[in-house]
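Below, each chain spelled out in residue letters.
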There are 6 protein chains.
Amino acid sequence: METVNILIEALPYIKKFHKKKILIKYGGHAMIDDTTMSSTARDTVLLKYVGMKPIVVHGGGPEISRSMNKLGKEPKFIGGLRITDQETMEIIKMVLVGKINTDIVSKVCVHGGKGIGISGKDNLLLNARKRAPQVIVDGETGEETTIDLGLVGEIDSVNPEVIDMLTMNDYIPIISPIGVDDRGNTLNLNADTVAGDVASSVDAEKLIILTDVPGILEDPNDPETLIKKVQADEVMELIDQGIVKDGMIPKVMTCLQAVENGVSSAHIIDGRIQHSVLLEIFTKKGIGTMIKG
Amino acid sequence: METVNILIEALPYIKKFHKKKILIKYGGHAMIDDTTMSSTARDTVLLKYVGMKPIVVHGGGPEISRSMNKLGKEPKFIGGLRITDQETMEIIKMVLVGKINTDIVSKVCVHGGKGIGISGKDNLLLNARKRAPQVIVDGETGEETTIDLGLVGEIDSVNPEVIDMLTMNDYIPIISPIGVDDRGNTLNLNADTVAGDVASSVDAEKLIILTDVPGILEDPNDPETLIKKVQADEVMELIDQGIVKDGMIPKVMTCLQAVENGVSSAHIIDGRIQHSVLLEIFTKKGIGTMIKG
Amino acid sequence: METVNILIEALPYIKKFHKKKILIKYGGHAMIDDTTMSSTARDTVLLKYVGMKPIVVHGGGPEISRSMNKLGKEPKFIGGLRITDQETMEIIKMVLVGKINTDIVSKVCVHGGKGIGISGKDNLLLNARKRAPQVIVDGETGEETTIDLGLVGEIDSVNPEVIDMLTMNDYIPIISPIGVDDRGNTLNLNADTVAGDVASSVDAEKLIILTDVPGILEDPNDPETLIKKVQADEVMELIDQGIVKDGMIPKVMTCLQAVENGVSSAHIIDGRIQHSVLLEIFTKKGIGTMIKG
Amino acid sequence: METVNILIEALPYIKKFHKKKILIKYGGHAMIDDTTMSSTARDTVLLKYVGMKPIVVHGGGPEISRSMNKLGKEPKFIGGLRITDQETMEIIKMVLVGKINTDIVSKVCVHGGKGIGISGKDNLLLNARKRAPQVIVDGETGEETTIDLGLVGEIDSVNPEVIDMLTMNDYIPIISPIGVDDRGNTLNLNADTVAGDVASSVDAEKLIILTDVPGILEDPNDPETLIKKVQADEVMELIDQGIVKDGMIPKVMTCLQAVENGVSSAHIIDGRIQHSVLLEIFTKKGIGTMIKG
Amino acid sequence: METVNILIEALPYIKKFHKKKILIKYGGHAMIDDTTMSSTARDTVLLKYVGMKPIVVHGGGPEISRSMNKLGKEPKFIGGLRITDQETMEIIKMVLVGKINTDIVSKVCVHGGKGIGISGKDNLLLNARKRAPQVIVDGETGEETTIDLGLVGEIDSVNPEVIDMLTMNDYIPIISPIGVDDRGNTLNLNADTVAGDVASSVDAEKLIILTDVPGILEDPNDPETLIKKVQADEVMELIDQGIVKDGMIPKVMTCLQAVENGVSSAHIIDGRIQHSVLLEIFTKKGIGTMIKG
Amino acid sequence: METVNILIEALPYIKKFHKKKILIKYGGHAMIDDTTMSSTARDTVLLKYVGMKPIVVHGGGPEISRSMNKLGKEPKFIGGLRITDQETMEIIKMVLVGKINTDIVSKVCVHGGKGIGISGKDNLLLNARKRAPQVIVDGETGEETTIDLGLVGEIDSVNPEVIDMLTMNDYIPIISPIGVDDRGNTLNLNADTVAGDVASSVDAEKLIILTDVPGILEDPNDPETLIKKVQADEVMELIDQGIVKDGMIPKVMTCLQAVENGVSSAHIIDGRIQHSVLLEIFTKKGIGTMIKG
């Protein structure tokens, strides 16, 4: 009986998001083990079956670093961005496209979804350009050092044609966040940014970022201080106040930008919790932080 | 959390019946009050939203009799069939099409479904012909009396074109069980038979008959003796044994015929219980009796 | 030979209205007997076969009053509007949807048209809201009385989706003029207004109102004084002069509004005359009054 | 009023032939003057507007002979077939495609039809092969002479693709009866045969041959002896009896073959009578001879 | 090996003009013999097979004059325009539509293209109106004479519907340059103008005029002085300087107008050279003069 | 001029294979350097632009072995099949899907094709099952050893739905030869077999296997002994005679099977030669060995 009452409770949400695109970012830190990933994949398939159009963008930072270590290369970061030489780029591609993406596709298909893996290189989905070198200021001496990040890119434009074809034909696209420049070179992209840009370009209703924290916390050590809902125009203040800081800043900025570009709401939720996507979509109070325009 | 676990449990059924047509017969005796009807309508809409194609056929016997009484006409039955003169036929049409059908449409629309009411007269959906007069044998004298039932019909053919158009365009058709003969005369039809014939003609996956008993009971006074599943080839035996008898016989025969004509399974369930349709579809053990080929 | 000459004469009209929507209002007072209705239905089917897209809205006032009388309820009107309590509303629905609509559908189908009956409740076709209570001023004392008309509504919006689907698929929609409010309650609507609003919302070429007078007469007692054509901007003057008065006012206002909303011409004609629709469409001089923008 | 009664009388025929293809052969002898041709074109357009799909094949023998004479070439025939040298073939093409076809197209367009002229060369519509030389037996001496007819062909196959595209898009195709062989050479074809073969290949409902006699007459000098209807299996007998003879034989054989290949009925009528096509289609007794399977 | 290198060299052009419409004008003076025409037809088919949408407009002046002579009529011109009486118009139609057009269609079909011939009369493709009489000033006396050119027309509007249907269905339309006025009269049109107007109305990428000179020459007697490329805004200057003169003026003006109406580039090339169309499209330096906006 | 002559020579092949699917297997041994791969990718794009539907399956054996060595794992083979433990499978996936596939996609996109990479896991394209263990017989002792190859699979079925969608929408699918079993496990597949099975399942016209030998040679050391054409029924004889042996056997058997399953012809050609695909398709004598049914 309960089964049924709950289906009935979910009905308003099912109706509200009927035929709407839901962009889910599977974070590298959220994909902690096979069970969690499998569960997330099953939730994604469920969204498809109850009438939504889920699209997945995945990350993979920790796995990339593990593979680099295995091959005797030390991962290095400047301002959160991975320094990417040609060899690192090869490893990134192999891990993201060859390993993580195919794993997610498998899990989606096992649960009955028509999963299909694509990367930013397919039909030039993610057109990018090399980022300018970073300028680092030495806190003590004030000396500036310019560091070339290598094959790190930023998105110029998203070509949503392939995604539109796939969702229209009932496929669930799983997207690896690598870009391609005008000459066919592969570039390393930030997965959150990719998720946000794709969400905007396909007119997604929701952008849901699965990560390894409960959302925006007033006190990072106290999950009870979770902020459930933030208006777009309050975001900058939260950053100024230092409540949003460090690695959370780019995630929140991605959400803000997506919302400003027409996505109805963006969500930062804890992907390590089973069924967090469904809890965020199908319950009134949700589970993480929602940013709304 | 429970919400979500249950959605996940429902997923296999949602997948199994994806894009399948489900014919639900709302029985006159099952539509006991406004709340039950509203709840059944909501369940029907939910089936639509999770990807099935529900089609409704409704009855209305008790309501028709009430209206006849109000107008000073006494309802009369021969062998379960209502003797139908021209005036009675008018009342039947008004009650079925004008009252019950529009009420169901309203409830379906209020819950977000694209409900649309049709009758067997629309585009000659239910082509029928007048039934032959009934021959009644007096138990004592053995005397035979021939009684003309009036405008009581039996279905010649179903023209599913209009239903196909409606389901393809995401509508939920609500069908009143009246037929039309070759000259445009309206005929009174048995709603169960209509449900079965329509189910076959549109290649429905399931036929679900909502009535006012729990299903087929070995002992009609003991709900514990419910028979959960009957093979098509066991049906005649149950009738021979007297376990299926009286008003249950035509319902079971309708189920049997539907299954023989390609419907995967037919169900007789208690429509007075809230969400009985969902319980039958989304739980492993179901709630009534299933007849399978 | 004549047959053929006349077909040839009709060709310019057939070309002119090819694939155009023609909204025909069957008035309650025009449906005087079975033969007239059958003939009007056949004319409607002919329009379909020679390439137009007829849509029917019907009334039914006299029939409703007859049914109320039969059930011992006295019809009451304030300013031409029927006071509609819950029980009256039930009778209206049953008569309009269950009786008159199904009768027209039958007649259209018998003549080879794909007739299908819908009401304003189907897929929320006619969204309406309860009318404000009427204020009646006593002519002598000047005393004001406020009378609640009950379930009498006015149209908020027309949702033409279902009509578009039907006409595109070669059906002839027959529409009962009842509305539905936001909570699913049925409301009694003026059939002329419904005809006008539907005509505008589906971009009809013509609105033809069948009634029981020859059109607008300068002298109501002299059919020879029929005004054949009225410009939209002359309508108010005709009302001011008292030439258009009483029950004709709402009809004329409906025509005026339709024309102002894009319908090319609106016609008031005598539905009691056989083939009046065809005479109005296929002959140069027509038969009633045409209002043009 | 008459106008309208006649439309109503035509309705059963309009319904019966709704969306059916009607192949009309405009015979060279039937196109006696501009007025007749214009009238026939208008009738053809009318068929289109009341829902049929007319297709025209035209002849042009007399006009071709006139043009040959003007250019100082004497027309010669063997067994009804025009001896066709290269220069004659050029004249035939110019007269049929350049003159008669464009004239018919103009007349169809002027009356509001979407006329479009094609010939058997367009997209290899009429694939043909050179006819074997004719053997002529001298009645007196019994001597055999073999005469090469030149560029006279017989149809190998009809490629209806272009006609299907045109009728589906509401065009009225006007077809010139010239064929093309495997190497692109133009061949002179019998227009009646072309009409029959095209009718079969597009699944026409009717083949109507307009000529300069009233139909099959028992006594060729007495129009009162017109045979209204011939069963397919009676045709050979009529030929054996000499009732069908000379130039009528190929016409009747074309009709017979069309009917045997699935055309419902074939008609030979007098194209010089105004509106003969309409009289044949829209009146019960018709005007010429109908051959039916 | 060479074969393949050259295909590879052609690839950029194949890509650039993929699915683009290319309007090719076959000039009467360029159709010097059967071999040249056949070769041009084959080139046209090749364009279709490598993904473009070729459309042909043909001329036929010399052939028309030959036919007139044969019939004892002397061709007369005023300012390059043929004086066209009714009889001349008949000859023009027969030569263009019946002879030249069908010949091109044949050649296109023989090489595997789906050629189909149409004229400006089909579905009123080229709506035209009679030109005003020409006023001729006597150089010596200054006397003005007004000469009516007869059935010479100028284009009012192009109705590209039929061309769109044909190219969408992979046909290659071959268009005869005759027009039709509002009453169905045929008018003689300038073929270059027709080519330009059709090119604009179907949004062609290129207009290629095949003629009997190499292009625009600075010195008409020296092919080495060919001007390869002209900007639209330089055209008038070339005329002022007398470099473009006589019969070249209308061709160049047609090109200019096409380019101003959205055609990307217009080309005047020597159609007597084998494969000139391909040389112009598939080689960097081209073969004639290109006019670009 | 040559450019154009060669295009004209290619026309018959372009016509013959218009809209036909061409399956090209890029062999691991054929992808010897970046220039060769880029050139092959460009040729593939050219096929698309001239109207064919190319589909690519790639191998990658040498690259996989290189990556294994880099990670300190020694590649081992039994009967030509790579022993594949879990870790090796991960490397295979990363190299095939993450490296080689994305590289080909890039090259195809750079040359203007709509390249999209998929693997056998996407929408369960290549359903496979673990191969039975291999039984090795010791040549000397006759002792049998059973060796489990690990995650090596054989294809059960191909689900061409995704390929059909892609080719219909003008994409060029690039397929990595890994399979998926019923539980979502990845299996290592033979790329030639995949190419053959996919070719059959999508009704390809041609299967072209690019490898590092010129084709079937009578004397493997003498390229002059190339066999240009083999009938399907001659294949087994060539194997019996030892002319086809070792690694060539599976390639030839794949070709044979494809031809038996409806592929018109299969080709084994030297992928190291620039433009070998084009030479095989666009020249009469071809460049490698063709196997035909």
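Residues numbered from 1 in each chain as written. Chains lettered and ligands numbered in written order. Predicted model: local features only at pLDDT ≥ 70, side-chain atom pairs only at ≥ 80, totals over all residues.

Bringing the overall build of chain A into the picture now. Assigned secondary structure in chain A consists of nine helices and 16 strands. Relative to the 2.2 N^0.38 estimate, which gives 19 Å for 293 residues, the radius of gyration of chain A is 19 Å and therefore close to what a compact globule would have. Counting only C-alpha atoms, chain A reaches 65 × 40 × 35 Å along its principal axes. The buried share of chain A, taken over its 293 residues, is 54%. (Helix = DSSP H or I, 4+ residues; strand = E, 2+ residues; numbered from the N terminus. Rg over C-alpha atoms; globule rule 2.2 N^0.38 Å. Buried ≥ 20, exposed ≤ 12 C-beta atoms within 10 Å, placed from the backbone.)

Residues and elements named next belong to chain E. Spatially, the eight strands line up as an open sheet ordered β5-β10-β2-β1-β13-β15-β16-β14, and their pairing is mixed. Since the sheet does not close on itself, it has two edges, and those belong to β5 (115-119) and β14 (229-231), each with one partner. The sheet shows a mean angle of 20 degrees between the axes of neighbouring strands, direction not considered. (Pairing = 2+ DSSP bridges. Axes fitted to C-alpha atoms, helices over the stretch in contact; angles between N-to-C directions.)

In this section: the interface of chain C and chain B. With 33 residues of chain C in contact, the opposing surface of chain B contributes 32 residues. Broken down by secondary-structure element, the contributors of at least two residues to the side of chain C that touches chain B are α4 (86-110), β5 (115-119) and α5 (161-168) of chain C. Take the side of chain C that touches chain B: its biggest share by element is 13 residues, from α4 of chain C. Here the residues of the side of chain C that touches chain B are counted per class, giving 14 nonpolar, ten polar and nine charged. (Contact = placed C-beta atoms within 7 Å. Nonpolar A, V, L, I, M, F, W, Y, C, P; charged D, E, K, R; others polar.)

Let us look at the UniProt feature "binding site: substrate" (unreviewed entry) in chain A. Residues and elements named next belong to chain A. Mapped onto this numbering, the UniProt entry gives "binding site: substrate" (unreviewed entry) at G60, G61, R82 and N188. Across 129 residues, the annotated set stays spatially compact, with a maximum C-alpha separation of 12.1 Å. Counting through the fold element by element, R82 comes out in strand β4 (residues 81-82). Sequence-distant contacts of R82, that is, excluding residues within four places in its chain, are made with P75, F77 and N188. Within the secondary structure, N188 sits in strand β12 (residues 186-188). For N188, the contacting residues outside a window of four places in its chain are R82, T84, M89, I92, L151, V152, G153 and I178. (UniProt positions renumbered as here; feature names shortened; annotations may be inferred.)

Rotating chain C by 180 degrees and moving it 0.0 Å along the rotation axis overlays it on chain B with an RMSD of 0.0 Å. Both copies of the chain, as the preceding transformation shows, are related through a two-fold rotation axis. Of the C-alpha atoms belonging to chain C, the one lying closest to the rotation axis is found on G98 of chain C, 1.9 Å away. An overlap of 94% is found between the interface residues of chain C and their copies at the interface of chain B, pointing to a shared contact surface. (Least-squares fit on C-alpha atoms with pLDDT ≥ 70 in both.)

Our focus in this paragraph is the sheet that holds strand β10 (residues 172-176) of chain F. Residues and elements named next belong to chain F. The eight strands are arranged β5-β10-β2-β1-β13-β15-β16-β14 in an open sheet whose pairing can be described as mixed. Where the open sheet ends on each side, the last strands, each with one partner, are β5 (115-119) and β14 (229-231). In this sheet, adjacent strand axes meet at a mean angle of 20 degrees when their direction is disregarded. Both strand β15 (residues 265-270) and strand β16 (residues 289-292) contribute to a ladder of four bridges, which runs antiparallel. Within β16, the position partnered with H267 by the bridge is M290. Against the sheet, helix α8 (residues 248-260) engages β13 (206-211), β15 and β16, with an angle of about 155 degrees to β15.

Right, let's talk about helix α4 (residues 86-110) of chain F for a bit. Residue and element names in this part refer to chain F. In a regular helix each residue adds 1.5 Å, so 25 residues correspond to 36 Å; α4 covers 35 Å between its end C-alpha atoms and thus fits that length. Bending of α4 peaks at approximately 30 degrees at the position of N101. Counting buried positions over the 25 residues of α4 gives 21, a clear majority of the element. One or two residues past the end of α4 sits G112, with phi positive at roughly 100 degrees. (Expected span 1.5 Å × (residues − 1). Bend = angle between axes of the 7 residues up to and from the residue.)

Another point: the confidence of the model for chain A. Detailed conclusions should not be drawn from predicted coordinates in areas where pLDDT is low. Residues with a pLDDT of 70 or more make up 98% of chain A, whose mean pLDDT is 93. The complex prediction reports pTM at 0.91, with the ipTM value standing at 0.93. (pLDDT = per-residue confidence, 0-100.)

If you take every C-alpha in chain A and every C-alpha in chain E, the smallest gap between them is 15 Å, and the two do not touch. No interface is formed between chain C and chain F, the nearest pair of C-alpha atoms being 28 Å apart.

Where interface size is quoted, it is often the accessible area lost as the parts come together. Across the contact, 31 residues belong to chain A and 31 residues belong to chain F. For the side of chain A that touches chain F, the secondary structure elements donating two or more residues are α4 (86-110), β5 (115-119) and α5 (161-168) of chain A. Looking at the side of chain A that touches chain F, the element that brings in the most residues is α4 of chain A, giving 13 residues.

In this section: the UniProt feature "domain: Aspartate/glutamate/uridylate kinase" (unreviewed entry) in chain A. The UniProt entry lists residues 20-270 of chain A under the feature "domain: Aspartate/glutamate/uridylate kinase" (unreviewed entry), expressed in the numbering used here. Spanning residues 20-270 of chain A, this segment combines 35% helix with 26% strand, and its end C-alpha atoms are found 22 Å apart.

Tracing the backbone through its elements, the reader meets L11 of chain D in helix α1 (residues 2-16). Each C-alpha atom, one on L11 of chain D and one on K292 of chain D, is 22 Å from the other, the two residues being 281 residues apart in sequence.

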